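Remarks on the overall topology
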Amino acid sequence: MSDPADLIVVGAGPAGMAAAVTALTGGLRVVLIDSGTAVGGQFWRHPPEHARSVIPTEDLHHGQREYHDLCETLSVHARKGQLDLRLNHHVWSAVREEDGFAVHTVDRREAPQEIAVVLRAPRLLVATGAYDRQLPFPGWDLPGVLTIGGLQALLKGGGVAAGSRVALGGTGPFLLPVATSLAARGVEVVAVCEAAHPRAWLRHPGPLLRNPGKWAEGAGYALTLVRHRIPLRPRTAIIRAEGGARVTSVRIASLASDGSPRPGRERRIEVDAVGVGWGFVPQLDLLITLGCALTNSADGNAVVAVDKGQRTTVPGLYAAGETCGVGGAVLAVGEGRLAAESVLADSGAAPVLGTKRLAAVRSAVAAQRAFARALALAHPIPPAWSSWLTDETTVCRCEEVTAGVIRTVRAEGACDHRQVKQLTRAGMGWCQGRMCGPAVHCLAAPKQAYHPTERLVATPVTLGALADLDR
């Protein structure tokens with residue numbers, strides 16, 4: 001693309017793809033950036049192009065027709081020179097300038113070589129998605145214990161099952177597609193431990209009834225669980241993993257209403273892999289450093305505050321997808337389209353969707369967002385989950401900070417994860433708190449929403465790449 005870009009979209013998952021396609025259709029010149037080797041994000045993750053014929057994963061995906069339609073439209077505009085697609089580009093910073101935004105990326109297409117690249121446009125749309133939220137438990141750092149998202153990524157990205165006998169635990173409906181995907185690949189899923197109880201949905205039936213596609217999808221998963229004889233255990237959690245060089249078993253326990261293990265209701269199950277997930281954490285690094293206002297969501301996370309058109313509180317900056325609250329791919333696609341329509345309007349370009357279709361997208365987004373809120377309320381983090389932890393349980397893997405150390409500094413007055421970090425170094429390691437931050441926060445301030453620490457460098461970058469900026 002020889003002409004300057006009108007819009008930079010960071011993140012090529014469902015929200016970013018939908019936003020880019022809408023903006024391109026409206027005549028804008030777009031730069032679409034993603035750290036992956038292909039568009040689609042985590043939801044539409046596929047094996048590398050050269051391996052797709054020998055690693056079939058189409059059956060693991062939802063919305064394949066929409067994905068292929070979006071890919072085709074992006075390809076058409078790329079051939080026209082209207083789209084500049086930057087894959088394998090890791091965005092480590094974004095700053096405001098007088099005439100828009102400068103996005104600092106590292107081009108890693110020729111790894112291990114890294115090339116610093118700065119891209120500029122008057123408008124910026126951030127659709128960086130989310131990552132797995134983890135709660136530690138004794139043994140969670142054993143080889144073979146993965147996040148739920150990690151298990152699914154292995155399946156979608158390489159057709160690889162992490163083990164032959166797998167236990168899943170945590171909360172939320174994402175446990176179900178992972179269980180059925182594993183079973184479809186011949187894995188014995190020995191238990192799906194759901195910390196919540198289905199009765200929790202009875203307190204919020206409206207959003208479920210207004211989204212029949214959701215309960216139809218849930219019913220399909222239930223039938224698959226029955227067909228593969230996968231036991232679904234409500235109000236149950238994996239509270240310990242055991243093993244030596246690798247996990248060999250887990251301890252599961254029936255939970256009281258507050259999430260504490262019921263005495264005498266614990267059992268041991270032999271496994272060779274474990275997947276655990278407690279929802280997701282929005283990836284807000286770029287939005288926080290750009291000065292966007294945040295708001296609290298029902299799942300205990302801070303999310304970026306946006307208006308009905310997905311505009312943030314920073315002029316010229318838009319957000320869509322999980323950064324606005326975790327709610328799934330359908331919601332992300334709708335928000336991406338709304339955000340791009342706002343970009344078109346603010347740029348003085350003609351709308352793409354039209355009045356009726358725009359109203360329909362807004363209505364669908366509102367319904368999906370209401371469902372996401374009900375989902376968060378029905379699948380909360382158990383209040384007493386920390387009772388599973390021994391004082392020797394590692395919470396921050398990078399700095400080897402234990403639960404006992406965190407409890408001590410909290411008793412001495414540390415009131416949030418930032419103060420715990422200052423006193424213990426929890427969150428100061430390689431992952432910069434992405435793995436342990438939510439857990440440290442839940443231990444230090446369980447009744448407050450989790451606001452991630454501002455990180456001026458959003459992803460690791462070499463000194464060599466930084467030095468290139470002055471050349």
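Refer to the structure presented above.
Now for a description of the structure that goes with this document.

Criteria and thresholds
Residues numbered from 1 in each chain as written. Predicted model: local features only at pLDDT ≥ 70, side-chain atom pairs only at ≥ 80, totals over all residues. Heavy atoms only, no water. Helix = DSSP H or I, 4+ residues; strand = E, 2+ residues; numbered from the N terminus. Rg over C-alpha atoms; globule rule 2.2 N^0.38 Å. Buried < 20%, exposed > 50% of the residue type's maximum accessible area, 1.4 Å probe, protein only. Contact = heavy atoms within 4.5 Å. Areas by Shrake-Rupley, 256 points an atom, 1.4 Å probe, with all protein chains shown as cover. Lys, Arg positive; Asp, Glu negative; His and termini not counted. Charge placed at Lys NZ, Arg CZ, Asp CG, Glu CD. Axes fitted to C-alpha atoms, helices over the stretch in contact; angles between N-to-C directions. Parallel < 35°, antiparallel > 145°, perpendicular 65-115°, else oblique. Left-handed = near helix turned anticlockwise from the far one by under 90°. Nonpolar A, V, L, I, M, F, W, Y, C, P; charged D, E, K, R; others polar. Salt bridge = Lys/Arg side-chain N within 4 Å of Asp/Glu carboxyl O. Pairing = 2+ DSSP bridges. 1 Å grid on protein atoms, 1.4 Å probe; cavity = no way out; pocket = protein on both sides within 12 Å on 5 of 7 lines; lining within 4 Å. Points joined across faces, edges and corners; volume = space filled by probe spheres on them. Right-handed = clockwise from strand over helix to strand, strands pointing away.

1. Observations regarding the overall build of the protein
Within the protein one finds 13 helices and 22 strands. In terms of C-alpha radius of gyration, the protein reaches 22 Å, essentially the compact-globule figure of 23 Å for 471 residues. In terms of principal-axis extent, the alpha carbons of the protein reach across some 70 × 50 × 45 Å. A total of 471 residues make up the protein; the buried ones form 53% of that total. The long-range fraction of contacts in the protein, counting pairs at least 24 apart against all pairs at least 6 apart in sequence, stands at 64%. With an accessible surface of roughly 20,800 Å², the protein has 54% of that area assigned to carbon and sulfur atoms. Where the 49 positive side-chain charges of the protein centre and where its 42 negative ones centre are 8 Å apart.

2. Regarding the packing of helix 4 (residues 175–184) against helix 6 (residues 212–227)
Between helix 4 and helix 6, the least distance of the axes is 10 Å, while the angle of their chain directions is 40°. As judged from the angle between their axes, helix 4 and helix 6 are oblique. Relative to helix 6, helix 4 is oriented so that their crossing is left-handed. Residue-level inspection shows Leu 176, Pro 177, Ala 179 and Thr 180 of helix 4 in contact with helix 6, the latter providing Tyr 221, Thr 224 and Leu 225. Here the contact of helix 4 with helix 6 is composed, by residue class, of five nonpolar, two polar and no charged.

3. Re the pattern of salt bridges
According to the stated counting rule, one finds 18 salt bridges in the structure shown. Of the charged contacts, one joins Arg 29 and Asp 6 as a salt bridge, the two residues approaching to 2.9 Å between their closest N and O atoms. One end of the pair, Arg 29, is in the loop between helix 1 (14–25) and strand 2 (30–33); the other, Asp 6, is in the segment before strand 1 (7–10), with 23 residues separating them in the sequence. Under the relative-accessibility criterion, Asp 6 is labelled buried at 17%. Measuring nitrogen to oxygen at the nearest pair gives 3.1 Å for the salt bridge that ties Glu 242 to Arg 251. On the basis of relative accessible area, Glu 242 is assigned to the partly exposed category, the value being 22%. If you follow the salt bridges from partner to partner, you end up with Glu 242, Arg 251, Arg 268 and Glu 270 in one network.

4. What to know about the packing of helix 3 (residues 148–158) against helix 4
At a closest axis distance of 10 Å, the pairing of helix 3 and helix 4 adopts a crossing angle of 40°. One way to sum up the angle between helix 3 and helix 4 is to call them oblique. As for the relative orientation of helix 3 and helix 4, their crossing is left-handed in sense. In contact with Ile 148, Leu 151, Gln 152 and Leu 155 of helix 3, helix 4 contributes Leu 175, Pro 177, Val 178, Ser 181 and Leu 182. The residue inventory of the contact of helix 3 with helix 4, partitioned by class, reads seven nonpolar, two polar and no charged.

5. Notes on the sheet that holds strand 5 (residues 100–107)
Pairing within the open sheet is antiparallel, and its three strands lie in the order 4-5-6. Two strands lie at the open edges of the sheet, namely strand 4 (89–97) and strand 6 (115–121), each paired on one side alone. Strand-to-strand twist of the sheet, defined as the mean angle between neighbouring strand axes without regard to direction, takes the value 20°. When strand 5 meets strand 6, the two strands line up antiparallel, connected through seven bridges. In the sheet register, Thr 105 faces strand 6, and the bridge partner there is Val 117.

6. Here we look at unusual backbone geometry
Of note, the phi angle at Arg 235 is positive, near 50°, even though the residue is not glycine. In the Ramachandran plot, Arg 425 falls in the positive-phi region, its phi being about 75° despite a non-glycine side chain. Summarising the element assignment, Arg 425 is placed in the loop between helix 11 (417–424) and helix 12 (437–444). Taking relative accessible area as the criterion, Arg 425 reaches 41% and is therefore assigned partly exposed.

7. Remarks on the layout of surface pockets
Empty space among the atoms can be located by rolling a probe the size of a water molecule over them. If you add up the space inside the second largest pocket, you get close to 660 Å³. Forming the walls of the second largest pocket are 34 residues, and the residues nearest its centre are His 379, Pro 380, Ile 381, Pro 382 and Pro 383. Per-class residue counts for the lining of the second largest pocket are 19 nonpolar, nine polar and six charged.

8. Some thoughts on the sheet that holds strand 13 (residues 236–243)
Each strand in a sheet pairs with its neighbour through backbone hydrogen bonds, running either in the same direction (parallel) or in the opposite one (antiparallel). Strand order in the open sheet formed by three strands is 13-14-15, and the pairing between neighbours is antiparallel. Unpaired on one side and paired on the other, strand 13 and strand 15 (261–270) mark the two borders of the sheet. Between one strand axis and the next, the sheet turns by 25° as a mean value, whatever way the strands run. Of the strand pairs in this sheet, strand 13 and strand 14 (residues 247–255) are connected by seven bridges, and their pairing is antiparallel. Bridge pairing in strand 14 places Arg 240 opposite Arg 251.

9. Quick word on the pairing of strand 2
The side-chain alternation of strand 2 yields two buried faces, one formed by Val 30 and Leu 32 and the other by Val 31 and Ile 33. Sheet topology note: the strand 1/strand 2 ladder contains four bridges and is parallel. Looking at strand 2, one finds that Val 10 is bridged to Ile 33. On the question of chirality, the crossover connecting strand 1 to the parallel strand 2 by way of helix 1 is right-handed. Relative to strand 3 (residues 83–86), strand 2 runs parallel, the two sharing four bridges. Looking at strand 3, one finds that Val 31 is bridged to Asp 84. As a crossover connection, the stretch from strand 2 through helix 2 (residues 64–80) into strand 3 is right-handed.

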